[in-house]
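Remarks on the overall topology
These are the residues of each chain, in order.
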Amino acid sequence: MKDSKRNFLVLFLGVVLGLSIAIGHGVWADRNAAPADTSIPLDDLRAFTDVFAKIKSDYVEEVDDKTLLEYAINGMVSNLDPHSTYLDADAYKELQVGTTGEFGGLGIEVSMENGFVKVISPIEDTPAQKAGIRAGDLIVRLDETPVKGLTLKDAVDLMRGKPGTDIVLTVIREGEEKPLKFTLTRAVIQVKSVKSKTLEKGYAYVRITQFQTHTAENLLDAISALKKENGGSLKGVVLDLRNNPGGVLNAAVSVSDNFIDSGLIVYTEGRVKDSELKFKATPGDILNGAPMVVLINAGSASASEIVAGALQDHHRAVIMGEKSFGKGSVQTIVPISSDTALKLTTARYFTPSGRSIQAEGIVPDISLSDIKLSAADKPEFDPVKEANLTGHLSNPTEKGDTATGAKTKPDSKDKSSTNTKQQDKSDSAKPEEPTVANDYQLYEALNLLKGLSFFKEEQKN
């Protein structure tokens, strides 16, 4: 038994040293860095080998060495922070595909909190968003499987599946007395990174749902089309980053650069030189200084916070909405083999003024609650009006039944109210496309843009 343990210890140290060498020659090589403590904690490793050997010999079912080592790596990494993880072949492949904008699943960005899966943000136009899943929801059950006790990877694996198949998510939501159940149909997620439209003549709306490789290019195309649609220029733009879970760092930098003429956009700091980066703006503002309002909420995380923080620090935009998620850390993908990798938190990022967003978030310049606007419910009985009175005088300019006051046209307003009432009774509150009519934050953002634009024109004159 002792010989067996000794042999395994030699094998394990070889694996550890092999990983260290691979990492050192991969992304963390730094000749000028202070020498690290290279001593090996033999007592702790001996405890590890004892546990490993005991599981191998006594566990109720046989477990192969490769599986046990993967469990050990997963346990080691997952306890560092919620965003570090070991990527096996399937997870690594999905990560690579996900940054291009097409992947399979429910369309939901998640992390682990107190043993439950917490929704960072549902991705727009995905099964999760369409079903009504919200940022901040805690997923406690997947079909009949309790989430408590599962790793984040285990939970994500359960949520994945063949497109077209259903899964029931049981959710605890703040403000709700009982758990909510949502039935989602898995799909191949194709995320359109940038959406845009004209709100009013000269005032545009641009929504970034996720930061992908081509987001900055798509943004340029959208702004160009909006300018053309509005006679060649824009008076102001609402940039909507609500429920944007983040994505590619370089995409966030490029998006920010499109609106900032010069200066720092974001910088990162970590323990090694390679993690210390500074990103600066290049000359040019695609809006030529036109006012901007950026909308954020609790589902705005990571890369979207980089953009909001940069525009806020440069006084380039007014940030409106709710305090953001607060993910101010940078993850580096470290390839371990040809098909596996380590997603490791290697740095914190800071806004141009030196603010760390980690666990704090971006505080909006103007705080607004997420209030939904809707038409008033139609009362059970219509109020009595002059037209309902028997023998009322007719209107000489309008055709109709003078005896009863009947109208020749349907009352479209009443019909709309009835439809609204029926929709409110629906068990699954489907999210509506944001419009000035139904989105209070967007309504206020447009009003602010008009005021800023007017003030700017007055200054010119």
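Our structure is the block above this text.
A few points on the structure. Values in this document were obtained by computation on a predicted structure and should not be read as measured data. (Residues numbered from 1 in each chain as written. Predicted model: local features only at pLDDT ≥ 70, side-chain atom pairs only at ≥ 80, totals over all residues. Heavy atoms only, no water.)

Describing the overall build of the chain
Applied cut-off: A run of H or I in DSSP counts as a helix once it spans at least four residues, and a run of E counts as a strand once it spans at least two, with each numbered from the N terminus. Only protein chains enter the calculation, and the probe is 1.4 Å; a residue is then buried if its accessible area is under 20% of its type maximum, exposed if over 50%, and partly exposed in between. A contact between two residues is defined here by any heavy atoms of the two lying within 4.5 Å. Note that accessible areas follow from Shrake-Rupley with a 1.4 Å probe, and for residues the cover is restricted to the protein chains shown.
Each helix and strand in the chain was counted, giving 11 helices and 19 strands. When burial is assessed residue by residue, the chain has 38% of its 461 residues classed as buried. Long-range contacts, defined here as pairs at least 24 residues apart, represent 68% of the contacts in the chain between residues at least 6 apart. Entry remark: accessible area of the chain is about 26400 Å², with carbon and sulfur atoms responsible for 53%.

Thoughts on the pattern of salt bridges
The cut-off we apply is this: In what follows, salt bridge is the name for a side-chain nitrogen of Lys or Arg lying within 4 Å of a carboxyl oxygen of Asp or Glu.
In the structure shown here, the tally under the stated rule is 19 salt bridges. In this structure, Lys118 engages Glu113 in a salt bridge whose closest nitrogen and oxygen atoms are separated by 3.3 Å. Of the charged contacts, one joins Asp125 and Lys195 as a salt bridge, the two residues approaching to 2.1 Å between their closest N and O atoms. Of this pair, Asp125 sits in the loop between β4 (116–122) and α5 (127–131) while Lys195 sits in strand β10 (residues 194–200), and the two are 70 residues apart along the sequence. Asp125 gets classed as partly exposed once you look at its relative accessible area, which sits at 39%. Residue Lys195 is classed as buried on the basis of its relative accessible area, which comes to 13%. Residues participating in the shared-partner salt-bridge network are Glu124, Asp125, Lys195, Arg207, Asp240, Arg242 and Asp439.

Some thoughts on the packing of aromatic side chains
Here is the rule: Pairing of aromatic side chains requires ring centres within 6.5 Å, counting the rings of Phe and Tyr and the six-membered ring of Trp. Pairs whose planes differ by under 30 degrees are stacked, by over 60 edge-to-face, and all others tilted. Geometrically, a charge over a ring is one whose NZ (Lys) or CZ (Arg) sits within 6 Å of the ring centre while staying within 35 degrees of the ring normal.
Throughout the structure, instances matching the rule amount to 2 aromatic pairs. Ring geometry for Tyr267 and Phe350: centres 5.2 Å apart, planes at 15°, overall stacked. Of this pair, Tyr267 sits in strand β13 (residues 264–270) while Phe350 sits in strand β18 (residues 341–350), and the two are 83 residues apart along the sequence. In this structure Tyr267 comes out as buried when scored by relative accessible area, which is 15%. With a relative accessible area of 13%, Phe350 lands in the buried category. Sitting over the face of the ring of Phe116, Lys148 holds its NZ or CZ atom 4.9 Å from the ring centroid. The lysine or arginine in question, Lys197, covers the ring of Tyr205, its NZ or CZ lying 5.4 Å from the ring centre.

Remarks on the packing of helix α8 (residues 249–257) against helix α9 (residues 303–313)
For the record, the criterion: Axis lines are fitted through C-alpha atoms, for helices just across the contact stretch, and the angle between N-to-C directions can take any value from 0 to 180 degrees. When describing relative orientation, an angle under 35 degrees is termed roughly parallel and one over 145 degrees roughly antiparallel, while 65 to 115 degrees is termed roughly perpendicular and anything else oblique. For any helix crossing, the convention is left-handed if the near helix is rotated counterclockwise from the far helix by under a right angle, and right-handed if that rotation is clockwise. Each residue is assigned to one of three groups, with Ala, Val, Leu, Ile, Met, Phe, Trp, Tyr, Cys and Pro labelled nonpolar, Asp, Glu, Lys and Arg labelled charged, and all others, Gly among them, labelled polar.
One can describe the packing of α8 onto α9 by two numbers: an axis separation of 9 Å at closest approach and a directional angle of 25°. By the criterion of interaxial angle, the relationship of α8 to α9 is roughly parallel. Relative to α9, α8 is oriented so that their crossing is right-handed. Only Ala303, Ile306, Val307 and Ala310 of α9 make contact with α8, whose side of the interface consists of Leu249, Ala252, Val255 and Ser256. Looking at the contact of α8 with α9, its residues break down into 7 nonpolar, 1 polar and no charged.

With respect to the sheet that holds β10
This is how the line gets drawn: If DSSP finds at least two bridges between two strands, the strands pair.
Spatially, β10-β11-β12-β15-β16-β19 is the arrangement adopted by the 6 strands of the open sheet, whose pairing is mixed. For this open sheet the edge positions go to β10 and β19 (366–367), each flanked by a neighbour on one side alone. Pairing of β10 with strand β11 (residues 203–208) involves 6 bridges; the strand directions are antiparallel. Paired with Ser196 across the strands is Val206, a residue of β11.

Here's the deal with the packing of helix α2 (residues 42–58) against helix α3 (residues 65–78)
Axis separation between α2 and α3 bottoms out at 11 Å; the angle between their running directions is 135°. Judged on the interaxial angle alone, α3 and α2 are oblique. Crossing of α2 over α3 shows right-handed handedness. Within the contact between the two elements, α2 uses Phe48, Phe52, Ile55 and Lys56 and α3 uses Asp65, Leu68, Leu69 and Ala72. Tallied by class, the residues present in the contact of α2 with α3 amount to 6 nonpolar, no polar and 2 charged.

Thoughts on the side chain of Arg186
Stated formally: When charges are counted, neither His nor the chain ends are considered; positive counts come from Lys and Arg and negative counts from Asp and Glu. For the purposes of these results, a polar contact is taken to be a pair of N or O atoms within 3.5 Å, where, inside protein, one atom must be able to donate a hydrogen and its partner to accept one; residues adjacent in sequence count only when each atom of the pair is a side-chain atom.
Topologically, Arg186 is positioned in the loop between β8 (180–185) and β9 (187–190). Asp143 is the oppositely charged side chain nearest to the buried, salt-bridge-free Arg186, at an N-O distance of 5.0 Å. A polar contact of 2.8 Å, which involves the side chain of Arg186, links it to the backbone oxygen of Met159. If we ignore the near neighbours within four places in the chain, the residues touching Arg186 are Gly105, Leu106, Leu158, Met159, Arg160, Gly161, Lys162, Pro163, Gly164, Thr165, Asp166 and Ile167.

What to know about the side chain of Ser324
Tracing the sequence through the fold places Ser324 in the loop between β16 (318–321) and β17 (329–335). In terms of polar contacts, Ser324 uses its side chain to reach the backbone amide nitrogen of Ile362, at 2.6 Å. If we ignore the near neighbours within four places in the chain, the residues touching Ser324 are Ile296, Asn297, Ala298, Ser300, Glu305, Gly361 and Ile362.

A short note on α3
Using the following cut-off: Here the expected span of a helix is defined as 1.5 Å times the quantity of residues minus one.
In a regular helix each residue adds 1.5 Å, so 14 residues correspond to 20 Å; α3 covers 20 Å between its end C-alpha atoms and thus fits that length. At the N-terminal boundary of α3, the capping side chain belongs to Asp64, with an oxygen 3.1 Å from the backbone nitrogen of Lys66.

Quick look at the nonpolar core
As a reminder of what qualifies: For the purposes of this section, nonpolar cores are sets of buried Ala, Val, Leu, Ile, Met, Phe, Trp, Tyr and Cys residues that join through side-chain atoms within 4.5 Å.
Residues Phe211, Leu239, Phe259, Leu287 and Leu311 are the most contacted members of the largest nonpolar core, which totals 43 residues. Elements that contribute at least two residues to this core include exactly β11, α7 (215–229), β12 (236–240), α8, β13, β15 (292–296), α9 and β18.

What to know about α7
How we decide: The directions from the helix axis to the C-beta atoms form the arc being described.
Helix length check: α7 (15 residues) gives 21 Å between terminal C-alpha atoms against 21 Å at 1.5 Å per residue, within 8%. Taken residue by residue, α7 has Thr215, Ala216, Leu219, Ala222, Ile223 and Leu226 as its buried positions. The arc enclosing the buried residues of α7, seen along the axis, measures out at 115°, which places them on a common side. Across from the buried face of α7, at angles greater than 90 degrees, the exposed residues are Asp221 and Lys228. Its buried side turned inward, α7 meets β10, β11 and α8.

As for the environment of Gly236
Tracing the backbone through its elements, the reader meets Gly236 in strand β12. Taking C-alpha positions, Gly236 is 8.6 Å from Leu446, a pair spaced 210 residues apart along the chain. If we skip the residues at most four places from it in the chain, Gly236 touches Gly202, Tyr203, Ala204, Ala290, Pro291 and Leu449.

Any functional reading would require information beyond the geometric quantities listed.
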